[in-house]
Every structure is written in C-alpha cells, then in structure tokens.
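Working through the structure, step by step
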2 protein chains.
Amino acid sequence: MSESAIRPRKEFGKTIAADITHRLREEIIACSLAPGEPLRFDVLRERFGASFTTLREALTALAAEGLVDAQEQRGFRVAPVSRQDLVEVTDARVLIEVELIRRSIERGDDDWEIAVISTLHRLKRIEQRHPEHPLRDPEWKIAHRQFHQALVSACGSATLLAIRAELFDRAERYRHLSANFRPRPRDKAGEHQAIMQAAISRNADLAVQLIEAHIRSTSDNVATYAGHLLDAE
Amino acid sequence: MSESAIRPRKEFGKTIAADITHRLREEIIACSLAPGEPLRFDVLRERFGASFTTLREALTALAAEGLVDAQEQRGFRVAPVSRQDLVEVTDARVLIEVELIRRSIERGDDDWEIAVISTLHRLKRIEQRHPEHPLRDPEWKIAHRQFHQALVSACGSATLLAIRAELFDRAERYRHLSANFRPRPRDKAGEHQAIMQAAISRNADLAVQLIEAHIRSTSDNVATYAGHLLDAE
DNA sequence: AACGGTATGATTTTCGAAAATATGGTCTCT
DNA sequence: AGAGACCATATTTTCGAAAATCATACCGTT
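Worth saying up front: this structure is predicted, and the values here are computed from it rather than measured.

A few words now on the relation of the copies chain B and chain A. Rotating chain B by 180 degrees and moving it 0.0 Å along the rotation axis overlays it on chain A with an RMSD of 0.0 Å. Those values place the two copies in the arrangement expected of a two-fold rotation axis. A shared interface surface links the copies, since 80% of the contact residues of chain B are contact residues in chain A too.

Right, here's the structure in full:
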C-alpha cells in the first residue's frame, strides 16, 4: 500500500516537494490562501522559496486531494468553495466516518481505547487553558484532529482512512471559513465527551448517531455563518 | 522513440504531464507495468519521451491515486499488490458503490435510464462480436467501465464519484492480474443484465444486492486465480 | 571473518533558462 | 460601435544540466 505517499503530512524535510505540499495544504485549509485565489508561480516562488517544477509537483498533489483546482494551460488556483461542495463533503464524510466508527468499535483493542481517551483528555485540557475561540488556536486544531483520528484508527482499512483524511481536510477548510463570523462556539466539548463514552462502552448505534449529528451540525453552522461567502463565488 | 514523436501532442488533455499521467495510469492498471516494479527515470524518459520533471509530476499525481508508491529520496515504484489491499479496495468499493446506486436510482431521470441501457447494449454487442476472453479486449474494458459509470452517474455527488473512480481503477488492476490465470470468464453478461433491470425498474434493494455480489465475486475470483501473485510480494 | 568507514557510481531531486501558450490591447475594416 | 486579426506582454509548461542523495564495493583495522 502507498499510504505514506497519499499523506506525507508528518514527514518534514525529506524532499522539498513534500515539505511544500505540506505547507501549502496547511495554508489552504486555514484559508490564509483564500478559496478561488489564483496561485501564480512568481508569487509562490517568492513565498516558499522553491523552483517552478517543485511547486508544480506540490500543486499537482494537492489537486488530486481536491484542495487545488488545476486549469490546464491556465495555471492553478485554490479550490473554490460552494454550498454544493459543502453538502457533498458533508454527505461523504457521514457515509465514511459512520462506517469507520462502527468498524473501530467492533475491532478496537486496549490501545485504541487508550488513544481515544488520551486524545480527548488533551483536547479538553487545551480548551480549559484557552477558553477563547478554539479554531484559531493551532494547538486545539491538532488535538481536535487527533481525537477524531483516534476514534476511527482501529477500523483496519488504510484505504478508507486515507479517503477519510482527505474529506476531513476539505471540511476543516469550511470550518475555518465560518470561524471568523460565528459569534461563539457551541458546546463541542460535551459532544466529544459523549462520543468518547459511546465508543468506549461499545455502543455502536449511539456513537454513530452522535457522530452524524456532530458532522451535520458543524456543516449547518458553516452554512449559516459563512453562507454569504459560499454564494459569492 | 518514434512512436512518441508521431503521437499527437494532445491525446488526453492539453499538457504533456496530463497525457503522461493518463498513459502511465493505463499501463499500471493493465499490469503492463508490474506491481512493485521500480519506475526509474531513465527508463520512463526513454519510454514516454518526457523530461524528469514532467514525469515526476505524473508520478506524484498517480501516487495520490494509490497506483504508485512514492518512496522519498528513493524514487517511485508501481504500487504493490497484496491480499490485504485487495480486501480493502473491495470493501471500500462495496460501501461507496452501494450508496451511489441507491442515490442514482432515487434521482435518475430519463437521460440516466437511456445511458444505462445504451452502455449495456454496447457492452453486450462487443461480447457477441468477441466471444473470447473479454478483459484482454480494450474495447470491452472501456464499455464495461462506461456501463458501471452510467449506473452511478445520477448520484449527484462529484466528490463521491471521484472516489469511486479511483477505487474502480485500483480494482481493475487486480482483475487484470488474474485474467491471465482464470480458465474461463464467468457469466458477467447475465449479471450486468440483471443489474440494469433492477436499476431501471427502480428496485433499489435488489440492485444493491446484485452489485455487492458482483463486486465481491469478482474479488473472490481474483483471490482464487491470482492468489500466488498476492503472496509473493 | 566481522566491522566500520569511505570512495565511487548510479539515481533521484532541484533548479533556472527556454519554449509554449494564454491574455490583453491596438488597429483595421465593415 | 462591433467583430476580427494581429502584436506585445504575462504566465505557464517543459527541458536538460547540476546538486543532492542513495547504494555498493572496497579497504584497512580489530
């Protein structure tokens, strides 16, 4: 399997291209490169200090992930956002995440339980220390990602995990998009706690129900608070 | 090579990189580039008549699709095959294809019905003309792909269709792997006919059941007739 | 013989120049 | 004015040389 090829996320500094891919992905997800924004080589070259071809390789990889839009002979741009795309990403996430939660609850061993519990614990600690808006805190972002990753980590399918990871990234971009307009975060801490408990007590039906609600309510929130951005494209 | 010089420059897509990506994908799926085989630039350069960086871009794209394995600093190779990977691809295909069939049956309009019927008709015509082993006939391959594509085309999610297409490609490589060892093709024609009828008559439960059986029996066939190749890795 | 270091050749990775293509403006003709 | 042709500029895409890295064989020491 080529898992490491699909997500070179953690491996810094091996090749420049992989590093640039990683940094570009982060900036696109965080919307510091705005949706639809053209990605011109002169600009990228200055910003990332790499040559044409290296940048091109990174952009090609991100295009395959759906974060970049390649317009042949007319360069690249950050993938645009839309209500339709948000709906598709949300639906696909529910379909896959629900299945993976079931499999993880079915197959998870002691190490899986420990991973779920400890990643949630870290997430809650960070939320206690920084009670302000969490999505702007990179530490919270990482912990949040790791908790959800831990939940499905025992599913046994690297293939589906890779697909899930791509969809998670695309969804996180939408969360960032709405973060600046949302008045106050809803009680995610309680939701995460409930999901953890359902998973650990092997209550698959409940866990599935909670995860689906979690994903859909996040998506609804985005549509509510960033709706004006989704139509403007 | 003289062939690449004669070949029109824009067979698929306008850029050379996109063209190479396409040709490489075809060769990997058809196993004319064997699983696990190292992809050295000297060889590829001669074979495809493109430069290092163009080839690199193509290989990076295919790595994101799971057909190529990128080993940082040590080049690329065709993604290896294994029983585990076959199981994962099969499971993921069932999960997604079943959902997409349901949605297509729910939402498909007249054009969808026409597409399903006509792609199946073409497939059957080809099978009549060439009664020998179909997987070696590129015409059959294309028609087969288009029939299955038509079945899910009305699902309404470009996101899920893209994921489905990747999984279909990965599965087709396994089918090719076993094609040389399978004594005689089973009656796929009948299966396709039944699936079409279930879909057109909007019998979602039946269509889903037939599709799942279709996918799994193909996978079982591969495991049976190409098992020795899967363990050898 | 076993081990570790190192020189050497093979291969990948990166770079900026050069070619190919798109974009935008100007001119001409109807 | 509007449409089309044409040129100049901006931008992307491709190329092969050069740098970086890996694999291997060799050598000396223990």
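What follows concerns the interface of chain B and chain A. Counting residues at the interface gives 35 residues for chain B and 35 residues for chain A. Taking the shortest distance from any N to any O, the salt bridge between A:Arg56 and B:Glu57 comes out at 2.7 Å. Linking chain B with chain A are 14 residue pairs in polar contact (both at pLDDT 80 or more). Of all the secondary-structure elements, those providing two or more residues to the side of chain B that touches chain A are helix H4 (52-65), strand E2 (68-70), helix H5 (83-107) and helix H8 (158-179) of chain B. The leading source of residues in the side of chain B that touches chain A is H5(B), at 9 residues. Of the residues contributing to the side of chain B that touches chain A, the split by class is 14 nonpolar, 10 polar and 11 charged.

A:Ile101, A:Leu151, B:Ile101 and B:Leu151 are the most contacted members of the largest nonpolar core, which totals 72 residues. If sequence neighbours within four positions are ignored, A:Ile101 has contacts with A:Leu151, A:Val152, A:Ala207, A:Val208 and A:Ile211. Counting 20 residues, the second-largest nonpolar core is a separate cluster that includes B:Leu24, B:Ile28, B:Leu62 and B:Val68.

Moving on, we come to the domain arrangement of chain A. Residue and element names in this part refer to chain A. Entries for chain A in the domain assignment read domain 1 (3-78) and domain 2 (83-232). Placing a centre on the C-alpha atoms of domain 1 and another on those of domain 2 gives a separation of 25 Å. Taken together, the contact pairs 15 residues of domain 1 with 11 residues of domain 2. One can count 0 salt bridges joining domain 1 with domain 2. Along the contact surface separating domain 1 from domain 2 lie 0 residue pairs in polar contact (both at pLDDT 80 or more). Contributing elements (two or more residues each) for the side of domain 1 that touches domain 2: helix H1 (3-6), helix H2 (16-29) and helix H4 (52-65). If one sorts the elements of the side of domain 1 that touches domain 2 by residue count, H2 sits on top with 3 residues.

Around DNA strand C, a shell composed of 25 residues is seen, among which A:Ile16, A:Thr53, A:Arg74, B:Arg56 and B:Gln73 lie nearest. Looking at DNA strand C alone, sugar and phosphate atoms form 80% of those within 4 Å of the protein. Contact between DNA strand C and A:Thr53: a base nitrogen at 3.1 Å from a side-chain N or O atom of the residue. The contact in question runs from a phosphate oxygen of DNA strand C to an N or O atom on the side chain of B:Arg56, over 2.2 Å. Mapped onto the surface near DNA strand C, the elements with two or more residues apiece are H2 and H4 of chain A together with helix H3 (41-48) and H4 of chain B. Residues that form the surface near DNA strand C fall into these classes: 8 nonpolar, 9 polar and 8 charged.

It is worth spelling out the sheet that holds E2(B) at this point. Residue and element names in this part refer to chain B. The 3 strands are arranged E1-E3-E2 in an open sheet whose pairing can be described as antiparallel. Strand pairing shows two members of the sheet lacking a second neighbour, strand E1 (38-39) and E2, which therefore form its edges. Of the strand pairs in this sheet, E2 and strand E3 (residues 76-78) are connected by 3 bridges, and their pairing is antiparallel. Across the sheet, aspartate 69 pairs through a bridge with arginine 77, a residue of E3.

All names here are of chain A. Here the phi dihedral of cysteine 31 falls at roughly 60 degrees; this positive angle occurs in a residue that is not glycine. The backbone phi angle of glutamine 73 is positive, close to 65 degrees, even though this residue is not glycine. Among the secondary structure elements, glutamine 73 is positioned in the loop between strand E2 (68-70) and strand E3 (76-78).

Further remarks concern the protein's contact with DNA strand D. Among the 24 residues in the neighbourhood of DNA strand D, the closest are listed as A:Arg56, A:Gln73, B:Ile16, B:Thr53 and B:Arg74. The contact atoms of DNA strand D, taken as those within 4 Å of the protein, divide so that sugar and phosphate hold 80%. In the model, a phosphate oxygen of DNA strand D is placed 3.5 Å from a nitrogen or oxygen of the B:Ala17 main chain. Between B:Thr53 and DNA strand D, the recorded distance is 3.0 Å, taken from a side-chain N or O atom to a base nitrogen.

Right, let's get into helix H10 (residues 204-225) of chain B. All names here are of chain B. The end-to-end C-alpha distance of H10, which contains 22 residues, comes to 32 Å, matching closely the 32 Å that a straight helix rising 1.5 Å per residue would cover. Three or more residues of H10 are buried, namely Ala204, Ala207, Val208, Ile211, His214, Ile215, Thr218, Ser219, Asn221 and Val222. In an axial view of H10, the angular spread of the buried residues amounts to 165 degrees, which keeps them on one side of the axis. Exposed side chains of H10 directed beyond 90 degrees from the buried face belong to Asp205, Gln209 and Thr224.

A separate point is the packing of aromatic side chains. Residue and element names in this part refer to chain A. The final tally for this structure, using the stated rule, is 4 aromatic pairs over all chains. On the numbers, 6.3 Å between centres and 85 degrees between planes, the contact of phenylalanine 41 with phenylalanine 76 is edge-to-face. Note that phenylalanine 41 is positioned in helix H3 (residues 41-48) and phenylalanine 76 in strand E3, a separation of 35 residues in sequence. Here phenylalanine 41 and phenylalanine 76 have matching classes, each one buried. Connected via pairs of aromatic rings, a cluster forms that spans Phe41, Phe52 and Phe76. Sitting over the face of the ring of phenylalanine 52, arginine 45 holds its NZ or CZ atom 4.6 Å from the ring centroid.

How each quantity is defined
- Residues numbered from 1 in each chain as written.
- Chains lettered and ligands numbered in written order.
- Predicted model: local features only at pLDDT ≥ 70, side-chain atom pairs only at ≥ 80, totals over all residues.
- Heavy atoms only, no water.
- Least-squares fit on C-alpha atoms with pLDDT ≥ 70 in both.
- Contact = heavy atoms within 4.5 Å.
- Salt bridge = Lys/Arg side-chain N within 4 Å of Asp/Glu carboxyl O.
- Polar contact = N/O pair within 3.5 Å; in protein donor to acceptor, adjacent residues only side chain to side chain.
- Helix = DSSP H or I, 4+ residues; strand = E, 2+ residues; numbered from the N terminus.
- Nonpolar A, V, L, I, M, F, W, Y, C, P; charged D, E, K, R; others polar.
- Core = buried A, V, L, I, M, F, W, Y, C linked by side-chain atoms within 4.5 Å.
- Buried < 20%, exposed > 50% of the residue type's maximum accessible area, 1.4 Å probe, protein only.
- Domains from an automatic or database assignment.
- Near = heavy atom within 4 Å.
- Pairing = 2+ DSSP bridges.
- Expected span 1.5 Å × (residues − 1).
- Arc of directions from axis to C-beta.
- Phe/Tyr/Trp six-rings, centres within 6.5 Å; stacked < 30°, edge-to-face > 60°.
- Lys NZ or Arg CZ within 6 Å of the ring centre and 35° of its normal.

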